[in-house]
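Per-entry structural report
What follows is the residue order along each chain.
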Amino acid sequence: MTIPANTRQQAQDLLEFIDASPSPWHAVATCEQRLQAAGFARLDETERWTLQAGDKRYVVRGDAAIIAFVVGSAALAESGLRIIGAHTDSPGLRIKPRPAEEVGGMVRLGVEVYGGPILATFADRDLSLAGRVHVRTPDGFATRLVRFADPLLRLPNLAIHMNREVNESGLKFNKQSELPLLLGVAEEGVKADARFRQPIAAALGVEPGDLLTWELNAYDTQKGSLWGADREFIADSQLDNLASCHAALNALLATDRPVATCLCAFFDHEEVGSESAAGAGGSFIADVLARLAGNTGLDGEDQRRMVARSFFISADMAHGWHPNFPAAYEPCHHALVNAGPVIKSNANQRYSTTGETAARFMALCARAGVPCQQYAHRTDLGCGSTIGPIVAARLGIPSVDVGSPMWAMHSIRESAGVLDHGYMIAALSAAFAD
Ligand code: CO
């Protein structure tokens, strides 16, 4: 299959984006760097805002959620907003507040399961630590990002000789006792806690005792890759949902002097239900819309007109059809990898899509010259959900759920299509030009 050079470049850039983003806090920092390089200025939620047409701004909440926008030339009440939402978090293992424990001469770190990862995929990977650490300072504390490039941690499998049924029964871990990650050999007279703190303190140039708290992700140090006969597939961690963040961000960065105000909202905590200050169930996006409206002098009546003229695209990955597991899929709704963006529908509103919003997204794809597909989950299987229904309910904005098809959702090493990523960027760019 032929991959246009520009599309291959977009996929390569996605791999670099994910490699720079081993935790949701890093993902927001990566977005922030790219926004700043493109002339976007940071707004602070604690300051007063003044905005005018053409302004490119972004605001961060909780270091793990970010909203960026370009103010359009048309009045908000006349044009509404074009909004794309996605999430910065991915399922995985998070280090506990007091993680270090010595067991049988080994130091291991206790973890919590964040969201719904495929736990077996975390075994035998070159894992390491990335996240944010809060360090004591003379006047309180400071927050620092930390990441280790070398693999510090591992979850070795049990040998098949002690787990004879593994290929018949599957690889299972007890979440409390069998998931702790091995850090090193215990040393005589050195507490396990000190062994854990030492590398972090050294990386940050602080005293181990000044590490107050941490939020650390066990991430896979293996870099992303392109694979397949024509390198038409992408393999990486966190494709769900950093691939959608990357596509939406690229669409926004390419937007110059739009008529309607264009906005990207990347939330934290989607994988655990979105109910947090930085999650889609919190007030973040409503607060930003209220301030945009207030800044352009809209009264209550015009604010409702703004909402009614807006459109929300919830971009999150979709399930690509897997030829080895045909029985897992709804026979009339195969979403094929490298065959274009997928519109996700569910009559029970697990997805926010309506017939009307799906038709609108199809029209956007047609305008962008991009194929598109439709997906519905098997009726006898529980369907996942997204931020789409949450944001649609909260804001009252017509909404559609879309995503690029992918395999192995919630594995530590997911895969997707190179062409699909380029298609998604084109479709989302068309949405911002609408
Ligand atoms: Co997702």
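Keep in mind that this is a model prediction, so the values were computed, not measured.

1. A short note on the overall build of the chain
Helix and strand counts for the chain come out as eleven helices and 20 strands. In summary, the chain has a C-alpha radius of gyration of 22 Å against a globular reference of 22 Å for 434 residues, a match within 12%. For the chain, the C-alpha atoms occupy an extent of roughly 70 × 60 × 40 Å along the three principal directions. Of the contacts formed within the chain by residues at least 6 apart in sequence, a portion of 77% connects residues at least 24 apart. In the form shown here, the chain has an accessible surface area of approximately 18,500 Å², with 51% of it arising from carbon and sulfur atoms.

2. So, the packing of aromatic side chains
Scanning all chains against the criterion turns up four aromatic pairs. Ring geometry for F196 and W214: centres 5.1 Å apart, planes at 70°, overall edge-to-face. With F196 in helix α5 (residues 192–204) and W214 in strand β10 (residues 211–220), this residue pair connects regions lying 18 residues apart in the sequence. As far as burial versus exposure is concerned, F196 and W214 are alike and both buried. Taking 6.2 Å as the distance between ring centres and 45° as the angle between the ring planes, the aromatic pair formed by W227 and W407 counts as tilted. Residue W227 is found in strand β11 (residues 225–227), and its partner W407 is found in strand β19 (residues 405–407); the two are separated by 180 residues along the sequence. Its relative accessible area of 16% is what places W407 among the buried residues.

3. Section: the domain arrangement of the chain
Domain annotation for the chain reports domain 1 (5–90 + 237–432) and domain 2 (92–220). Domain 1 puts 22 residues into the contact, and the matching count from domain 2 is 22 residues. For the pair domain 1 and domain 2, the two sides together bury roughly 1,700 Å², of which 59% comes from carbon and sulfur. When the buried surface of domain 1 facing domain 2 is broken down by residue, P22, W25 and I412 rank first, second and third, together holding 40% of it. Taken together, the links from domain 1 to domain 2 amount to one salt bridge. Measuring nitrogen to oxygen at the nearest pair gives 2.8 Å for the salt bridge that ties D63 to R132. Summed over the shared surface of domain 1 and domain 2, the number is eight residue pairs in polar contact (both at pLDDT 80 or more).

4. Things to note about the side chain of S352
Within the secondary structure layout, S352 lies in the loop between β16 (342–344) and α9 (355–368). Separated by 2.7 Å, the side chains of S352 and S399 make a polar contact. For S352, the contacting residues outside a window of four places in its chain are G388, P389, A392, S399, V400 and D401.

5. Quick notes on the nonpolar core
If you look at the biggest cluster of nonpolar residues, it comprises 56 residues, and the most contacted ones within it are L252, F266, I313 and F361. Apart from the residues within four sequence positions on either side, F361 is in contact with I313, P341, I343, V400, V402 and A427. Counting residues in hydrophobic clusters, the runner-up holds 32 residues, among them L93, L109, L129 and I412.

6. Description of the sheet that holds strand β1 (residues 41–43)
In space, the nine strands of this open sheet follow the order β1-β2-β3-β13-β4-β14-β18-β16-β17, with mixed pairing throughout. Of all strands in the sheet, those with a lone pairing partner are β1 and β17 (373–375), marking the two edges. If you compare each strand with its neighbour and ignore which way they point, the axes differ by 25° on average. In terms of strand pairing, β16 meets strand β18 (residues 399–403) through two bridges, oriented antiparallel. Residue pairing in the sheet places V342 in a bridge with G403 of β18. Most of the contacts of helix α2 (residues 24–37) go to strand β3 (residues 65–70), to which it runs at about 20°, and overall it touches β1, β2 (56–61), β3 and β13 (261–267).

Criteria and cut-off values
- Residues numbered from 1 in each chain as written.
- Predicted model: local features only at pLDDT ≥ 70, side-chain atom pairs only at ≥ 80, totals over all residues.
- Heavy atoms only, no water.
- Helix = DSSP H or I, 4+ residues; strand = E, 2+ residues; numbered from the N terminus.
- Rg over C-alpha atoms; globule rule 2.2 N^0.38 Å.
- Contact = heavy atoms within 4.5 Å.
- Areas by Shrake-Rupley, 256 points an atom, 1.4 Å probe, with all protein chains shown as cover.
- Phe/Tyr/Trp six-rings, centres within 6.5 Å; stacked < 30°, edge-to-face > 60°.
- Buried < 20%, exposed > 50% of the residue type's maximum accessible area, 1.4 Å probe, protein only.
- Domains from an automatic or database assignment.
- Buried area = accessible area lost by both parts, 1.4 Å probe.
- Salt bridge = Lys/Arg side-chain N within 4 Å of Asp/Glu carboxyl O.
- Polar contact = N/O pair within 3.5 Å; in protein donor to acceptor, adjacent residues only side chain to side chain.
- Core = buried A, V, L, I, M, F, W, Y, C linked by side-chain atoms within 4.5 Å.
- Pairing = 2+ DSSP bridges.
- Axes fitted to C-alpha atoms, helices over the stretch in contact; angles between N-to-C directions.

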